[in-house]
Amino acid sequence: MAKITVNKDLASERAKCEFNVEELTNYLDGGRENTARRRRMEDKVLSVKELRDEIPEEYLSHKEKYENAIRKAVLFYKVQKSLDDPNQSDHERIRNSYRSTITSAIFKDNSPLTLHIVMFIPAIIGQGNDEQREYWLKRAKNMEIIGTYAQTELGHGTFLRGLETTATYDPATEEFVLHSPTLTAYKWWPGGLAHTANYCVVMAILYTKSKNCGIQPFIVQIRDEETHMPLPGIKLGEIGAKLGYNTVNNGFLGFDNHRIPRDRMLMRNAQVSKDGTFTAGANSKLTYGTMVYVRVLIVNNMANLLAKAVTIAIRYSAVRRQSKLKPEDPEPQILDYVTQQHKLFIGIATSHAYSRTALWLWDHYAKVTSELNAGKLDNLPELHSLACCLKVLSSVDAAVFVERSRLACGGHGYMLSSNLPQTYGLVTPASTFEGENTVLLLQVARSLVKAWQQMLNGRQLAPSMAYLADQKQLDRWDGSVNGIIRAFQKVARGKLAFSVANFEKYQKMGLSREDAWNKASVQLTAAAESHGRAIVVQVFKTETDRIASSLSPPLRKALDQLVELFTLYWALERLGDLLLYSPLSEVDVRDMQARYEELLEKIRPNAVGLVDGFDIRDEILNSALGAYDGRVYERLMEEALKSPLNAEPVNSSFHKYLKPFMQGKL
Ligand SMILES: CCCCCCCCCCCCCCCCCCCCCCCC(=O)SCCNC(=O)CCNC(=O)[C@H](O)C(C)(C)COP(=O)(O)OP(=O)(O)OC[C@H]1O[C@@H](n2cnc3c(N)ncnc32)[C@H](O)[C@@H]1OP(=O)(O)O
Ligand SMILES: Cc1cc2nc3c(=O)[nH]c(=O)nc-3n(C[C@H](O)[C@H](O)[C@H](O)COP(=O)(O)OP(=O)(O)OC[C@H]3O[C@@H](n4cnc5c(N)ncnc54)[C@H](O)[C@@H]3O)c2cc1C
């Protein structure tokens, strides 16, 4: 194997690291065997030369990008399939792959099969009855059919009860007639819908016996299995170029009285019998279950994407030298600027926080799902609220800290060859898809207001909201991490109390419940956000304490520093709230600021070790700035030379336009 020459600054950073980087990687992976398994899988995928791009994706046309993505998606699927352990349950398979970022080595802008894996198959699992699962899952898992999840319409994304696509049952033929009555009823956005999928799960308003029976899922064939032509009565296309996700093939779909057999309604929850009788499910919101599942996955995805961005930015900051700290000294590494540490170390801590939170949430999701399967629905509302609030916080924080990582790389962060703009393109839509963030915060607020009323009635609260019933004052600010967590809970409680009081005041003033809710909604969403912050900080601390207890002291210390940094960062960001709702004094604030700065200093020697610990390979980082060897300038030049404009010394436009223009002939 060729010896790699590592940039000397990066090499000396690695020599400074106080803990064993491999131990950190094993900790993140959940054990040495998991690290080994992940690496074996990465080795195997990366050994397939055809999965690599010869020409960087960014220089392809829109159409070529899609065709290239499909070529690689098919090959990637085959390689993955060959590595699959058939003895694993779906739950184990998902949990075991939470640290896998290998898809990024193949697609800078995501795969056109994403929705098939992430939503089509889960929708069949969650919404299909046993017979339907038996038939459709086999076909979907073997990729005999490719599907997507078609819910959003041109006119409605958030408000599902406002969807316009109808599925009207015709008992004479035992068929549903799918129809898009208006332009705004067209499905719009589903990934893979444009030219990839031949089936989809369509969410439509069911009408039977002339009654609106709410939104129900239908499995609908949209293209011929042989020719791939759209079926009669189906209008399909691509929605066009976007900020990111350009290889995901998002599409539109309209129905012109398209008929499907009765057994294509996914009938795990609600059913329509042959004569058109509708039987409702135990809870109509079970139909929204696929979204809850994806919201849970998104938390993990945000942690992984942030780990990528911050790895690139930290390594670059160790290599990059700029300006002067002291006139007599050489230019320092930009990582020595405390402002740079402030920008970036929080990204490392945040990735750890959401990675821990995602695992905790996944286990909670699995527990509640098995209860639901046994007909016990009690914990569904709490799961919905948790999935909403953690999806919101993880997507907002990831977008902020990925963009901050990009800005922290100066001009070079603007280059596509840094892979930071594309990474931003992958995180920012998560604030919109799977439930727009404000709307989801309002869902969380709704559950908090309900909990508040339950508390006033002396009823027990769901575990994640139990702190609301803690009436005790926080008499003393002790500044410890646990003390700050309690203070965050007090903030959430105080903001909720304030917004409930406002909500009630507006109603007493004569506003309707809905108008009062709308008027109080800025405060309500702020309370929901604070509730989420309290949960993330607490889960990060307790899960780290629980899992890291057996680690070596130096690694344990490094992880504790990340937990403390994360806690102090948010305390300082939310000073106004803490001053309002906790016994924080000016002295305490100054103390926290000093501790925060000390922490940056303590983390500084470990910064490169911490991102090395994420163990994200160069092929996955796909970045001229973030590669392990730190050959930043060489790689930037190598990538620049790949620009098609550099293939010839004089471009033809010179002769055609510039020269005649400069000579006054045009
Ligand atoms: C660590 C473990 C993880 C391991 C991971 C390993 C991964 C390996 C797999 C592959 C990896 C890839 C990961 C990738 C992830 C990222 C890629 C994603 C790709 C893009 C996907 C994007 C797809 C989409 O966007 S699909 C469309 C999504 N659309 C939405 O989300 C619409 C949002 N709107 C709604 O949900 C509703 O309209 C809502 C909730 C806003 C309002 O609904 P409605 O009006 O009907 O209800 P309300 O009247 O407001 O409320 C009534 C009542 O219902 C309760 N409720 C609402 N929703 C739910 C629910 N879902 N569940 C339970 N209960 C619900 C609500 O709380 C109310 O209750 P009350 O008691 O009455 O108060
Ligand atoms: C990259 C990407 C991929 C996607 N993939 C899919 C897919 O595969 N399948 C699919 O079905 N959909 C998909 N979507 C669609 C996505 O789920 C919707 O965009 C999302 O649910 C938001 O709906 P909307 O676009 O209608 O926004 P809107 O709801 O119109 O939101 C616009 C604004 O109105 C505000 N607003 C709306 N309702 C309220 C309210 N009740 N209270 C306060 N404010 C409100 C919002 O906060 C926001 O500021 C995708 C979207 C993106 C960006």
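Reading guide: rules and limits
Residues numbered from 1 in each chain as written. Chains lettered and ligands numbered in written order. Predicted model: local features only at pLDDT ≥ 70, side-chain atom pairs only at ≥ 80, totals over all residues. Helix = DSSP H or I, 4+ residues; strand = E, 2+ residues; numbered from the N terminus. Buried ≥ 20, exposed ≤ 12 C-beta atoms within 10 Å, placed from the backbone. Contact = placed C-beta atoms within 7 Å. Near = placed C-beta within 6 Å. Nonpolar A, V, L, I, M, F, W, Y, C, P; charged D, E, K, R; others polar. Axes fitted to C-alpha atoms, helices over the stretch in contact; angles between N-to-C directions. Parallel < 35°, antiparallel > 145°, perpendicular 65-115°, else oblique. Core = buried A, V, L, I, M, F, W, Y, C linked by C-beta atoms within 7 Å. UniProt positions renumbered as here; feature names shortened; annotations may be inferred. Expected span 1.5 Å × (residues − 1). Pairing = 2+ DSSP bridges.

This part covers the overall build of the protein. A count of helical and extended segments in the protein gives 23 helices and eleven strands. Its C-alpha atoms put the protein at 90 × 75 × 65 Å along the principal axes. Going through the 666 residues of the protein one by one, you find that 44% of them count as buried. For the protein, the proportion of contacts with a sequence separation of at least 24, taken over those separated by at least 6, is 76%.

Further remarks concern the site of ligand 2. Taken together, 23 residues sit near ligand 2, with Gln-151, Thr-152, Gly-157, Thr-158 and Thr-438 positioned nearest. The set of elements that each furnish at least two residues to the shell around ligand 2 consists of strand E1 (149-150) and helix H13 (437-456). Counting residues per element, the shell around ligand 2 draws most heavily on H13, which supplies three residues. Of the residues contributing to the shell around ligand 2, the split by class is ten nonpolar, eleven polar and two charged.

Relative to each other, helix H10 (residues 338-373) and helix H17 (residues 553-573) sit at 105°, their axes nearing to 9 Å. Taken as axis vectors, H10 and H17 run roughly perpendicular relative to one another. Packed against H10, whose contacting residues are Phe-345, Ile-346, Ile-348, Ala-349, Thr-350, His-352 and Ala-353, the element H17 presents Leu-562, Leu-565, Phe-566 and Tyr-569 at the interface. Split into classes, the residues belonging to the contact of H10 with H17 amount to nine nonpolar, two polar and no charged.

This part takes up the nonpolar core. Phe-120, Cys-200, Phe-218, Met-302, Leu-306 and Val-310 are the most contacted members of the largest nonpolar core, which has 174 residues in total. When neighbours within four sequence positions are excluded, Cys-200 is seen to be in contact with Phe-120, Gly-147, Thr-148, Tyr-149, Ala-150, Pro-190, Leu-193, Val-220 and Ile-222.

The UniProt record marks residues 20-146 with the feature "domain: Acyl-coenzyme A oxidase N-terminal" (unreviewed entry), using the residue numbering of this structure. Strand forms 0% of residues 20-146 and helix 65%; the C-alpha atoms that close the span are 44 Å apart.

As a further point, take the site of ligand 1. Surveying the vicinity of ligand 1 reveals 38 residues, the closest of which are Lys-285, Tyr-288, Trp-362, Phe-433 and Gly-435. Contributions of two or more residues to the shell around ligand 1 are made by helix H5 (90-96), helix H7 (114-127), helix H9 (289-319), H10, helix H11 (380-407) and H13. No other element matches H9, which puts seven residues into the shell around ligand 1. Class assignment for the residues of the shell around ligand 1 results in 20 nonpolar, twelve polar and six charged.

With 28 residues, helix H14 (residues 481-508) should cover 40 Å at 1.5 Å per step; its first-to-last C-alpha distance of 40 Å lies within 8% of that length. Immediately beyond the C-terminal end of H14, within one or two residues, lies Gly-510, with a positive phi of roughly 110°.

What follows is about the pairing of strand E5 (residues 199-208). For E5, a buried count of eight out of ten residues is recorded, marking the element as mostly surrounded by other parts of the structure. As defined by bridge partners, E1 adjoins E5 across two bridges and the pair is classed as parallel. The residue bridging Ala-150 from the neighbouring strand is Val-202, located in E5. Direction of pairing for strand E2 (residues 166-170) relative to E5: parallel, over a ladder of three bridges. When the bridges of E5 are listed, Thr-168 appears paired with Tyr-207. Pairing geometry for E5 and strand E6 (residues 211-221), over nine bridges, is antiparallel.

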